[in-house]
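# Observations on the model geometry
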Amino acid sequence: MAPDTREPVRILGGGLMGLALAHQLARQGRTVEVLSRRRSEAAGFVAAGMLAPHAEGLSGDLLALGQASLARIPDWVAQIEADSGLRCGLRPCGIVVPFATAAERDVYPTAAWGDALDRTGLERELPGIGPGWQAGLLFRQDGQIDNRRRLMRALERACVNLGVRFQEGVEVLELLAADGALQGVRVRNAEGDLHTLAGGSAVLCSGAWSAQLLPQLPIFPVKGQMLSLQAPRDALQRVIFGPGTYLVPREDGLVVVGATSEREAGFTEGLTPFGQRQLQAGIAALLPEASQWPPMERWWGFRPCTPDEGPLLGAGPLQGLWLACGHHRNGVLLAAITADLVSGAMAGQLSAVASQQLAAFHWHRFQRT
Ligand SMILES: Cc1cc2nc3c(=O)[nH]c(=O)nc-3n(C[C@H](O)[C@H](O)[C@H](O)COP(=O)(O)OP(=O)(O)OC[C@H]3O[C@@H](n4cnc5c(N)ncnc54)[C@H](O)[C@@H]3O)c2cc1C
């Protein structure tokens, strides 16, 4: 059956994927409504904003998806900036991954995409790098975007300018279905009133909380704690991506430091002394002088993880329900391609290549065994 592109679309979750989808669908002329429980809890406001398919050492379909998204990001950002009138803070600054030995460097999964560095090369790219690092890989094509302060706001403004309707403080409690098709959602608004909203077209963008609405999705939270430091301007030019800790220098000298990866924490909120000590130790090992830079802010959030750490994209288990969730630690990188693929599938307009990309991330892959 051909998709009805006149039907309004409801976006369930107003985080990064929700905004990216709402923007793309509104550009296609769809009527879009975003239901958002709590804007501030979105991982889109937590992330470091690295665009790092190579530095992350991805492989297989996920690497290909990340590379496709990286290639798409400059045009995607230009469109958001045109639609919002705001800058997104895209910075193609390159990312350096340091290693204790050249042997470790040479077996890194994405080594073929980087420039091999020895100790002299490392010191040139990262003046002041700690003494424990003797080799590195420079991924010139990787970079960063200022998601926390710029991208999320620009996306919101672009959506508003395109007529997207936002409902903040509205929690989706239940998906309503009949004969395998979505019929609507049950919600509780900020005043505590319960309502049924009818409608047969929605995209699940509820991040780490997605399985609360669809328990058959294998999505679970991986907590991450972060902090930022005020560095002297231009003290650091490239992102340093160490094991367990990374430093991401924004244009104005703020350095974002991340991140713990806590699978046992569930949805436990808050900072922990252990997590913050872990980050301090990482900073001291990577760039000793950064231990002296004053901390400005500390925060945490929840990555939406799946067993293979790849997202769930495309048609969902109910007719009319689409999935854009489970992006784990690469959601900022993957937002551009996610918006393209999922909105394209909803319109029934995907190239053969795009259909293949989407098929690799269908939720059914977890039901094969
Ligand atoms: C510490 C940390 C560092 C990261 N660093 C990077 C990085 O450097 N690069 C990168 O590419 N990615 C990074 N990520 C990953 C990235 O932030 C996520 O993959 C991405 O934000 C996921 O987007 P999302 O829209 O699925 O979820 P979110 O942005 O979390 O949004 C989900 C939204 O859904 C809402 N919601 C949930 N349930 C309901 C409900 N029942 N009803 C209504 N609304 C609901 C929530 O309130 C929330 O606002 C990082 C993540 C973390 C936590």
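Since the model is a prediction, treat every value here as computed from it, not as a measurement.

Check the secondary structure of the chain and you find 9 helices and 20 strands. Here the C-alpha radius of gyration of the chain, 21 Å, is about what a compact globule of 369 residues would show, namely 21 Å. Its C-alpha atoms put the chain at 65 × 45 × 45 Å along the principal axes. Burial analysis of the chain (369 residues in total) assigns 56% to the buried set. Counting only contacts in the chain whose residues sit at least 6 apart along the sequence, the fraction spanning at least 24 positions is 72%. As displayed, the chain has an accessible area near 15,400 Å², and 52% of this comes from carbon and sulfur atoms.

Now for helix α8 (residues 331-346). Maximum bend of α8: about 35 degrees, positioned at Ile337. Extensive coverage of α8 is indicated by the burial of 15 of its 16 residues. Phi turns positive one or two residues past the end of α8, at Gly348, with a value near 70 degrees.

As a further point, take the pairing of strand β20 (residues 321-325). Buried residues dominate β20, accounting for 5 of its 5 residues. Both strand β19 (residues 312-315) and β20 contribute to a ladder of 4 bridges, which runs antiparallel. Opposite Gly314, over in β20, you have Leu323 as the bridge partner. Between the end of β19 and the start of β20, which pair antiparallel, lie 5 residues, with Gly320 showing a positive phi angle near 90 degrees.

Moving on, we get to the environment of Ile95. Here Ile95 lies in strand β5 (residues 95-99). With relative accessibility at 0%, the residue Ile95 sits in the buried group. Taking the C-alpha atoms as reference points, Ile95 and Phe139, 44 residues apart in sequence, are found 5.3 Å from one another. Contacts of Ile95, omitting those with residues within four sequence positions, involve Met50, Leu51, Ala52, Ala55, Leu137, Leu138, Phe139, Asp142, Gly143, Val239 and Phe241.

Moving on, we get to the sheet that holds β20. Taken in spatial order, the 6 strands make up an open sheet running β9-β2-β1-β13-β20-β19, and their pairing is mixed. This sheet does not close on itself; its edge strands, each paired only once, are β9 (165-168) and β19. Averaged over neighbouring strand pairs, the angle between their axes works out to 20 degrees when direction is ignored.

Read across the open sheet, the 8 strands follow the order β6-β7-β5-β15-β16-β17-β14-β18; overall the sheet is mixed. Only two strands of the sheet have a single partner each, and these edge strands are β6 (115-117) and β18 (295-305). Each strand of the sheet is rotated relative to its neighbour by a mean of 25 degrees, with strand direction disregarded. In this sheet, strand β17 (residues 254-258) lies alongside strand β14 (residues 220-230) in antiparallel orientation, the contact comprising 4 bridges. Pairing of Gln230 across the sheet is with Leu254, part of β17. Packing of helix α7 (residues 273-286) onto the sheet brings it into contact with β5, β14, β15 (239-241), β16 (246-249), β17 and β18, and relative to β14 it is tilted by some 55 degrees.

A few words now on the packing of aromatic side chains. Aromatic ring pairs are defined here through the distance separating the ring centres and the angle between the ring planes. On inspection of all chains with the given rule, the structure shows 5 aromatic pairs. Note on Trp209 and Phe267: the rings are 5.5 Å apart at their centroids and 15 degrees apart in plane angle, and the pair reads as stacked. One end of the pair, Trp209, is in the loop between β13 (202-204) and α6 (210-213); the other, Phe267, is in the loop between β17 and α7, and 58 residues separate them in sequence. For Trp209, a relative accessible area of 13% corresponds to the buried category. Here Phe267 falls in the partly exposed class, since its relative accessible area comes to 32%. Here the aromatic cluster, defined as three or more aromatic residues joined through ring pairs, consists of Trp209, Phe267 and Phe302.

At a minimum axis separation of 9 Å, helix α1 (residues 16-27) and helix α5 (residues 147-161) run at an interaxial angle of 35 degrees. For the crossing formed where α1 meets α5, the hand is left-handed. Here Leu16, Leu19, Ala20, Ala22 and His23 of α1 come into contact with α5, specifically with Leu151, Met152, Leu155, Glu156, Ala158 and Cys159. The residue makeup of the contact of α1 with α5, split by class, is 9 nonpolar, 1 polar and 1 charged.

This paragraph deals with the nonpolar core. Residues Ile11, Trp76, Leu151 and Val203 are the most contacted members of the largest nonpolar core, which totals 52 residues. Of all the secondary structure elements, the ones that give two or more residues to this core are β1 (9-12), α1, β2 (32-36), α2 (60-84), α5, β20, α8 and α9 (352-359). Broken down by element, the residue count for this core peaks at 11 residues, all from α8. The residues touching Val203, leaving out its near neighbours within four places in the chain, are Val9, Arg10, Ile11, Leu12, Leu21, Leu25, Trp322, Leu323, Ala324, Val342 and Met346. Within the second largest apolar cluster, 22 residues are counted, among which are Met50, Val256, Ala259 and Trp299.

Rules used in this analysis
- Residues numbered from 1 in each chain as written.
- Predicted model: local features only at pLDDT ≥ 70, side-chain atom pairs only at ≥ 80, totals over all residues.
- Heavy atoms only, no water.
- Helix = DSSP H or I, 4+ residues; strand = E, 2+ residues; numbered from the N terminus.
- Rg over C-alpha atoms; globule rule 2.2 N^0.38 Å.
- Buried < 20%, exposed > 50% of the residue type's maximum accessible area, 1.4 Å probe, protein only.
- Contact = heavy atoms within 4.5 Å.
- Areas by Shrake-Rupley, 256 points an atom, 1.4 Å probe, with all protein chains shown as cover.
- Bend = angle between axes of the 7 residues up to and from the residue.
- Pairing = 2+ DSSP bridges.
- Axes fitted to C-alpha atoms, helices over the stretch in contact; angles between N-to-C directions.
- Phe/Tyr/Trp six-rings, centres within 6.5 Å; stacked < 30°, edge-to-face > 60°.
- Left-handed = near helix turned anticlockwise from the far one by under 90°.
- Nonpolar A, V, L, I, M, F, W, Y, C, P; charged D, E, K, R; others polar.
- Core = buried A, V, L, I, M, F, W, Y, C linked by side-chain atoms within 4.5 Å.

Function cannot be inferred from these measures alone, as they are strictly geometric.
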